[in-house]
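Residues per chain are reported as follows:
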Amino acid sequence: MSEFKRISPEEINDNPFKLIGKDWGLVTGGTKDGFNTMTISWGGIGVMWNKPVAFTFIRPQRYTYEFLEKDDIFTISFYDESYRKALSLCGSKSGRDIDKPAETGLTPAFTEEGAPYFEQARLVLVCKKLYAQDLGDEFVTERGAVKGFYGTDDWHRMYVSEIIGVLQK
């Protein structure tokens, strides 16, 4: 973690729309005893309950979901464009079937809170779950607007998490 410095969430200079929607990120849950990561391109960061928060959405059938359900602390990390291929693999293959760090060359590291992330990241949000809610028909006001995302009603779970630390290169 020596390359990283801790900054406050208010010191993040990245555009969150580009960071999450265009650059993508990895959400990684678990501990040194076992973890998994997956690519995300949905979510957000902001303020809720006077706390800096991240909003993360994960379907229950994803392997990473099990780790987020089990532990309260996880990370969301972001990379430069040279890691696009690794992020693509982490979004298309399951950690149940492959060893994602071995396949991508990403090097696991752990925050002082014990949450996993990867040394190649340029920005890491250390998150602590505050609230989780399964999405469903009652969540959307216009079902047709999201039908393409939920053809089989395999709704995401939304996690609202406090950003308790930020690591930046």
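Model, not experiment: these values are computed from the prediction.

Caption draft 1: Focus on the nonpolar core. Counting residues in hydrophobic clusters, the biggest one holds 20 residues, and the most contacted among them are Val-27, Ile-58, Ile-76, Phe-78, Leu-125 and Val-166. What Phe-78 contacts, discounting residues up to four positions off in sequence, is Leu-19, Ile-20, Trp-24, Gly-25, Ala-121, Arg-122, Leu-123 and Leu-125.

Caption draft 2: Structural detail: helix α3 (residues 84–92). Ala-86, Leu-87 and Cys-90 are the residues of α3 that are buried. Mapping the buried residues of α3 onto a view down its axis gives an arc of 100 degrees, with all of them on the same face. Every exposed residue of α3 that faces more than 90 degrees away from the buried side is listed here: Lys-85 and Ser-92.

Caption draft 3: Region of interest: the pattern of salt bridges. Tallied over the full model, the rule gives 10 salt bridges. Between Arg-157 and Glu-69 there is a salt bridge whose closest N-O contact spans 2.8 Å. With Arg-157 in strand β10 (residues 157–168) and Glu-69 in helix α2 (residues 63–70), this residue pair connects regions lying 88 residues apart in the sequence. Because the salt bridges share partners, they merge into one network encompassing Arg-6, Glu-112 and Glu-113.

Caption draft 4: Spotlight on a nonpolar patch on the surface. A surface patch of nonpolar side chains, amounting to about 320 Å² of accessible area, comprises Trp-49, Leu-130 and Tyr-131. Counting through the fold element by element, Leu-130 comes out in strand β9 (residues 123–134).

Caption draft 5: Just the pairing of β9, in detail. Summarising the sheet, strand β6 (residues 73–78) and β9 pair through six bridges and their orientation is antiparallel. Bridge pairing in β9 places Ser-77 opposite Val-124. Both β9 and β10 contribute to a ladder of 11 bridges, which runs antiparallel. Looking at the pairing, Asp-134 lines up with Arg-157 of β10.

The rules behind these values
- Residues numbered from 1 in each chain as written.
- Predicted model: local features only at pLDDT ≥ 70, side-chain atom pairs only at ≥ 80, totals over all residues.
- Heavy atoms only, no water.
- Core = buried A, V, L, I, M, F, W, Y, C linked by side-chain atoms within 4.5 Å.
- Buried < 20%, exposed > 50% of the residue type's maximum accessible area, 1.4 Å probe, protein only.
- Contact = heavy atoms within 4.5 Å.
- Helix = DSSP H or I, 4+ residues; strand = E, 2+ residues; numbered from the N terminus.
- Arc of directions from axis to C-beta.
- Salt bridge = Lys/Arg side-chain N within 4 Å of Asp/Glu carboxyl O.
- Patch = residues over 30% accessible without salt bridge, like charges linked within 9 Å, V, L, I, M, F, W, Y side chains within 5 Å.
- Areas by Shrake-Rupley, 256 points an atom, 1.4 Å probe, with all protein chains shown as cover.
- Pairing = 2+ DSSP bridges.

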